[in-house]
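Structure at a glance
Chain by chain, the residues run as shown.
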Amino acid sequence: MIGQTISHYKILEKLGEGGMGVVYKAQDTKLDRMVAIKLLPHHLTANEAERARLLQEAKAAATLNHPNICGIHALGEHEGQQFIDMEFVDGVTLRKKLEQQPIKIGDAITYAVQIADALQEAHSKGIVHRDIKADNVMINVRNQIKVMDFGLAKLKGTLKLTRSSSTVGTLAYMPPEQIHGGEVDARSDIFSFGVLIFEMMTGRLPFRGEHEPALMYSILNEEPESLQKFIPDAPMELLHVLGRALEKNPEDRYQSVHEMLIDLRRLKKDTSKVYRKGAEEMSPPAQVSHEPSASSPAEQRQARTTSVTINIPKFRTRAFLVPGIIVVALAIAFATYFFLFQESFENGERLPIAVADFVNQTNEPELDGLSGMFITSLEQSRRLAVLTRPRMFDILRQMGKENVTRIDEALGREICRRASISALVTASIRKFGKLYTIDLKVLDPEKNEYLYTDKEEGQGQESIPSMLDKLSERSRIGLKEKAAEVRATSQKVAEVTTTNLEAYQHYFQGEQLINKLKFEEAGQEFRKAVAIDTTFALAYYRLSYALAWEGRPGAQEAIDKAVRYIDKVPEKERYLVRGESAIIRQDVQQGLSIYKELLNLYPDEKEAIYLIGDYSFHQQDYPTAAAHLERALSMDPTFERAYQHLCWTYSATRQFDRKMEVARQYVAKVPNEESYELLAGAYLNQVKFDSALHVFSRALELFPNSWRMMRGIGLTHRFQNEFGKAEAEFNKLIQPSRSISDQRVGYDELVLLNIQRGKYRTALEMLNKIIDIDLKQNNKSSLGTTYALKALYLKELFGDTEAARAELQKALEYREAGDLSYHGWSYSAYLALGEFGKAREIWKNKLTVIFPKNNYSIDGYEKMSSRNYGSAITNFKALEPAIGDPELYALAQCYLATEQFDNAIEALQKLQSSYVIVLAGPADRGKFLTKSYYLLGSVYEKKGDKKRAIESYQTLLTLWKDADKDLPELIDAKARLAKLKH
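Residues numbered from 1 in each chain as written. Predicted model: local features only at pLDDT ≥ 70, side-chain atom pairs only at ≥ 80, totals over all residues. Heavy atoms only, no water.

1. Describing the overall build of the chain
Summing up its helical and strand segments, the chain has 45 helices and 17 strands in all. Taken across its 982 residues, the chain has 55% of its residues classed as buried. Considering only contacts in the chain between residues 6 or more positions apart, those separated by 24 or more positions represent 58%. Within the structure as shown, the chain displays about 43400 Å² of accessible surface, and the carbon and sulfur contribution to it stands at 49%. (Helix = DSSP H or I, 4+ residues; strand = E, 2+ residues; numbered from the N terminus. Buried < 20%, exposed > 50% of the residue type's maximum accessible area, 1.4 Å probe, protein only. Contact = heavy atoms within 4.5 Å. Areas by Shrake-Rupley, 256 points an atom, 1.4 Å probe, with all protein chains shown as cover.)

Right, dumping it as structure tokens:
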């Protein structure tokens, strides 16, 4: 083709070749210009319908006129072959540039902004690219982006997935909905764009696969690789952008490229900042006061009550400059500043703003939380992007300032620099008799200029919420939000929180305690808040959350009150209230949908991100749980609830190495009892007993009175069948000098230890001691739980149905005070008694959030009771991967009954190799662990493996050397062993 002439285009050189045809550099001899000619494959224009479609798409693409889009000049035909006359771009493809090395973050973000601009232009005209990839993006000699082939990818139709490199390259960028053959829209381009950004920065693709099926599986089912793996210091905002762009569900992605562009521009601003130490000294700002002239007494009072000052930077000038020039310069600066703000608002961008803690000069501690109320008031603005208080502490922790409890102006400035915040609110409150005065300033922390100042006065504490409202509304107007919009979106802060500042301060403290996993103490603060203000909806919501976390009664009542007063909740938090209400009603899917709605409006709402991770874990949707919990931790590296659930998630999926990594991070960031216990638990998962003991012992040095560490040491010995050492550790906890709660833990563990040793009667004595403690303490919740547990053991260990029903009847007397443990053990007791309908009722009404698949467990036991072992096996297998010891034991029994010996052996070996620390209450492990050797011996005996049958029975007899002599399994094992040896 080189040297030939097509129509009036002289072909000069070949530029490239791809799925859409061959591209040549050519000279337009009519207009004497360089162009690019793309010869399209014959299959795209094989018939009239395809030709018409090509013409339609080319016309649409030709309407795009944007500096970052490669323009289309004309559509032509030469000897039956269609071609497109396009703008010639003197440069290289992004693919070629990436073959050399990954692109620096700053350059990649600059390119990303230009690509997003191009996409926004196309999407605004209804054109979706459908094939965003490195081959379709060029960089010209001026380092300017040009996106190619807009509107043409649609001509490909459904891609036939072959092993050609071009197709694999395209597949790597495909969003899940396109792979599924579903509807493709602008959000599909956003996914492909996210893949491209990741590739620009790392030189790798976020989804991996050596062949197409593997790559498709990765895109559809796996989370993208972590950018931090390749760029450890990647900006948090960049992680957020990629996280939203690469969501598998289009509903969870950015809903428009415009949203993404706003974040990219903010990110570009952050990465391009240059801080010049000692540059440009700033003089104190000049103040232009706009106080009303007051001639009447009423006007004079108003003048004293409200003072508004708009501040303009003062520039240092030479003495000989005339005042008129200074005035003009200041006027220009003033006009320019507000023009820029107005322009950003008209572009849909929101002004980022943070609020430092108020300086409380009143000596009234109930006023310490006013910054929280002011944030709530400002959050109603659609023009301000207000940094939440928890988010500010997240940033401080990332800066290594973990122990900060108060954010003063200096820390506020640091936060703003770190998070690219344009404005910082500082304020102080003073008191003169009954008169309260709030002085407020909004400053640009980078330029050290005041943007706005104001003052408000009021009589008595009851006036303070109203003072905050007025300051908030005037600040928003002072920052160029339209007055009509302010009036339309403003709710009185007292109407969406509380009129009582003491109640608010208790709420404020409760929030801090929740973040430290101190739910009982947090609940006490929220109870104090609602006792003072019985309509304080936010406090009711958090009280419900704190109670539900520990399974305590009262959560339903609290959330119902929050819903009743939901009009007194800010818009964003209403989603959290509604989500919690759905969860409490056991409708987890509705709750998750509500949290996702919230993230569509507030993508960085950490609490919603965490809650999706939390409840996805309990629903056994582990990939979703891990993705959201990891994201929450990227926002807050000290987020304890996220660490806890992420460790549980990796434990449930048997990703013990990953659990170890997370637990180590937890200990490094928050070295407390919880984190050390999870780290030791990770070692137990890997059967590294010595390492687990080392962690527990080290932690006990740090926390000498910790029942968790003492219990952990005892458990580690018990898992190694070192019963004497375990008993010695648990006995330390039941000493009279220990707290009642510690004694209960000790007796709980002694119950399980004695069951594992076959000393059932001693275990029952330990259980009765717990009941004695609870009766003396009148602990109704614990009494109900222990009676239910006793009923279960009487049935399963002694086969005494009548006694079990009697104990269960006692448990029912404490149903109203029952927590999650009570409902769990009542469920287990009914299951053991064969009352499957009652077990199902408890599961459906109380346990579906925590045990979503236990309907399979109920069905399995019910089928097993009627000897329908095949169906029972199917149901028990449906519980994997989070199948518990009781179900593993039952599954092995079913396999034995159906002579599936190898499967039975596999189930029992899995049971015997599982070492798990249960954080609250006794577990079933001790009950089934030793008995499993009896069942394993029976399986080997049936299989004809005499040697292994003998070994299994002998292990049982060794572990039960001190057991009660009348245990049926013990008697039978001795008889079988004797028979096998002769």
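2. Regarding the pairing of strand β15 (residues 423-432)
Across the ten residues that make up β15, a large majority, seven, are buried. The pairing of strand β12 (residues 351-355) with β15 spans three bridges and is classified as parallel. Bridging from a neighbouring strand, isoleucine 353 pairs with alanine 423 of β15. Note that strand β13 (residues 359-360) and β15 share two bridges and pair parallel. What sits directly across from asparagine 360, in β15, is isoleucine 429. Note that β15 and strand β16 (residues 435-444) share nine bridges and pair antiparallel. (Pairing = 2+ DSSP bridges.)

3. Describing the pattern of salt bridges
Applying the stated criterion to the full structure yields 60 salt bridges. Ionic pairing is found between arginine 976 and glutamate 941, a salt bridge with its closest N-O pair at 2.9 Å. One end of the pair, arginine 976, is in helix α45 (residues 968-981); the other, glutamate 941, is in helix α43 (residues 931-943), and 35 residues separate them in sequence. In this structure arginine 976 comes out as partly exposed when scored by relative accessible area, which is 28%. A salt bridge links aspartate 945 to arginine 948; its shortest N-O distance comes to 3.0 Å. (Salt bridge = Lys/Arg side-chain N within 4 Å of Asp/Glu carboxyl O.)

4. Notes on the nonpolar core
Counting residues in hydrophobic clusters, the biggest one holds 198 residues, and the most contacted among them are Leu370, Phe374, Val442, Ile464, Tyr615, Tyr793 and Phe876. With nine residues, the top contributor of residues to this core is helix α34 (residues 780-798). Not counting residues up to four positions away in its chain, the partners in contact with phenylalanine 374 are Val355, Phe358, Val425, Leu440, Leu468, Leu471, Ser472 and Ser475. If you look at the next biggest cluster of nonpolar residues, it comprises 56 residues, including Leu94, Ile115, Ala134 and Leu246. (Core = buried A, V, L, I, M, F, W, Y, C linked by side-chain atoms within 4.5 Å.)

5. Some words on the side chain of threonine 786
By the secondary structure assignment, threonine 786 is in helix α34. Given a relative accessible area of 3%, threonine 786 falls into the buried group. Side-chain polar atoms of threonine 786 contact the backbone oxygen of serine 782, separated by 2.8 Å. (Polar contact = N/O pair within 3.5 Å; in protein donor to acceptor, adjacent residues only side chain to side chain.)

6. Comments concerning unusual backbone geometry
Phi at lysine 480 is positive, roughly 75°, even though this residue is not glycine. Tracing the backbone through its elements, the reader meets lysine 480 in the loop between α15 (464-478) and α16 (483-489). One non-glycine residue, glutamine 620, adopts positive backbone phi at about 65°. By the element assignment, glutamine 620 lies in the loop between α24 (606-618) and α25 (622-635).

7. Concerning the sheet that holds strand β8 (residues 137-140)
Taken in spatial order, the three strands line up as β7-β8-β9 in an open sheet, and their pairing is antiparallel. Each edge of the open sheet is held by one strand with a lone partner, namely β7 (91-93) and β9 (145-147). Direction aside, the axes of adjacent strands within the sheet are offset by 25° on average. When β7 meets β8, the two strands line up antiparallel, connected through three bridges. By the bridge assignment, glycine 91 is partnered in β8 with asparagine 140. (Axes fitted to C-alpha atoms, helices over the stretch in contact; angles between N-to-C directions.)

8. Quick word on helix α3 (residues 105-124)
Here α3 is 20 residues long and its end C-alpha atoms lie 28 Å apart, about the 28 Å a rise of 1.5 Å per residue gives. Where burial is concerned, most of α3 is hidden: 14 out of the 20 residues are buried. Of the residues trailing α3, glycine 126 is marked for its positive phi of about 80°. (Expected span 1.5 Å × (residues − 1).)

9. Quick word on the packing of aromatic side chains
What describes a pair of aromatic rings is the distance from one ring centre to the other and the angle between the planes of the rings. The tally for this structure, following the rule as stated, stands at 23 aromatic pairs. Seen in terms of ring centroids, tyrosine 760 and phenylalanine 798 are 6.2 Å apart; in terms of plane orientation they differ by 75°. Their pairing is edge-to-face. Of this pair, tyrosine 760 sits in helix α33 (residues 760-777) while phenylalanine 798 sits in helix α34, placing them 38 residues apart in sequence. You can call phenylalanine 798 partly exposed: its relative accessible area is 33%. Members of the aromatic cluster, each reached through a chain of ring pairs, are Tyr504, Tyr507, Phe508, Phe526 and Phe536. One residue, lysine 572, lies across the ring of tyrosine 602, its end atom 5.5 Å from the ring centre. (Phe/Tyr/Trp six-rings, centres within 6.5 Å; stacked < 30°, edge-to-face > 60°. Lys NZ or Arg CZ within 6 Å of the ring centre and 35° of its normal.)

10. A word on the environment of valine 137
By the secondary structure assignment, valine 137 is in strand β8. Taking relative accessible area as the criterion, valine 137 reaches 0% and is therefore assigned buried. Excluding residues within four positions of it along the chain, valine 137 makes contact with Val92, Thr93, Leu94, Ile115, Ile145, Lys146, Met148 and Leu196.

11. Quick look at α15
Think of an α-helix as turning once every 3.6 residues; residues three or four places apart then point the same way. Here α15 spans 21 Å end to end across 15 residues, near enough to the 21 Å set by a 1.5 Å rise per residue. With eleven of 15 residues buried, α15 lies mostly within the body of the structure. Of the residues making up α15, those classed as buried are Ile464, Pro465, Met467, Leu468, Asp469, Leu471, Ser472, Arg474, Ser475, Arg476 and Gly478. Lysine 480, located one to two residues past α15, shows a positive phi value of around 75°.

12. Describing the environment of leucine 479
The topology assignment puts leucine 479 in the loop between α15 and α16. As for leucine 479 and leucine 351, which are separated by 128 residues in sequence, their C-alpha atoms are 8.7 Å apart.

13. Considering the confidence of the model for the chain
When pLDDT is averaged along the chain, the result is 83, and 86% of the positions lie at 70 or above. The secondary-structure element of the chain with the lowest mean pLDDT is strand β10 (residues 286-289), recorded at 33, while helix α31 (residues 723-733) shows the highest, at 97. Across residues 273-348, where pLDDT falls below 50, the model places 79 contacts with residues more than four positions away in sequence or in other chains. Across residues 918-925, where pLDDT falls below 50, the model places 25 contacts with residues more than four positions away in sequence or in other chains. (pLDDT = per-residue confidence, 0-100.)

14. Points about the pairing of strand β4 (residues 33-39)
Buried residues dominate β4, accounting for five of its seven residues. The sheet contact formed by strand β3 (residues 21-28) and β4 spans seven bridges and is antiparallel. Bridge assignment links aspartate 28 to a residue of β4, and that residue is arginine 33. Between β3 and β4, which follow one another and run antiparallel, lie four residues, and aspartate 32 among them has a positive phi close to 50°. In this structure, β4 lies alongside strand β6 (residues 81-87), joined through five bridges in antiparallel fashion. Within β6, the residue paired with valine 35 across the bridge is glutamate 87.

15. Section: the packing of helix α28 (residues 673-685) against helix α30 (residues 707-719)
Running from N to C, α28 and α30 cross one another at 10°; their axes reach a closest spacing of 10 Å. Considering their axes alone, α28 and α30 lie roughly parallel with respect to each other. Of the residues in α30, those touching α28 at Glu673, Glu674, Tyr676, Glu677 and Leu684 are Arg708, Met709, Arg711, Thr716 and Phe719. (Parallel < 35°, antiparallel > 145°, perpendicular 65-115°, else oblique.)

16. So, the environment of alanine 562
As for its position among the elements, alanine 562 is in helix α21 (residues 555-564). Looking at alanine 562, the relative accessible area reads 0%, which means it is buried. Once you skip the residues sitting within four places of it in the chain, alanine 562 turns out to touch Ala537, Tyr540, Tyr541 and Val577.

17. Some details on the packing of helix α38 (residues 854-865) against helix α40 (residues 885-897)
Axis separation between α38 and α40 bottoms out at 11 Å; the angle between their running directions is 35°. Considering how the two elements wind past one another, α38 and α40 form a crossing that is left-handed. From α38, Ser857, Tyr861 and Met864 reach across to α40, where they touch Pro886, Glu887, Ala890, Gln893 and Cys894. Partitioning the contact of α38 with α40 into residue classes produces five nonpolar, two polar and one charged. (Left-handed = near helix turned anticlockwise from the far one by under 90°. Nonpolar A, V, L, I, M, F, W, Y, C, P; charged D, E, K, R; others polar.)

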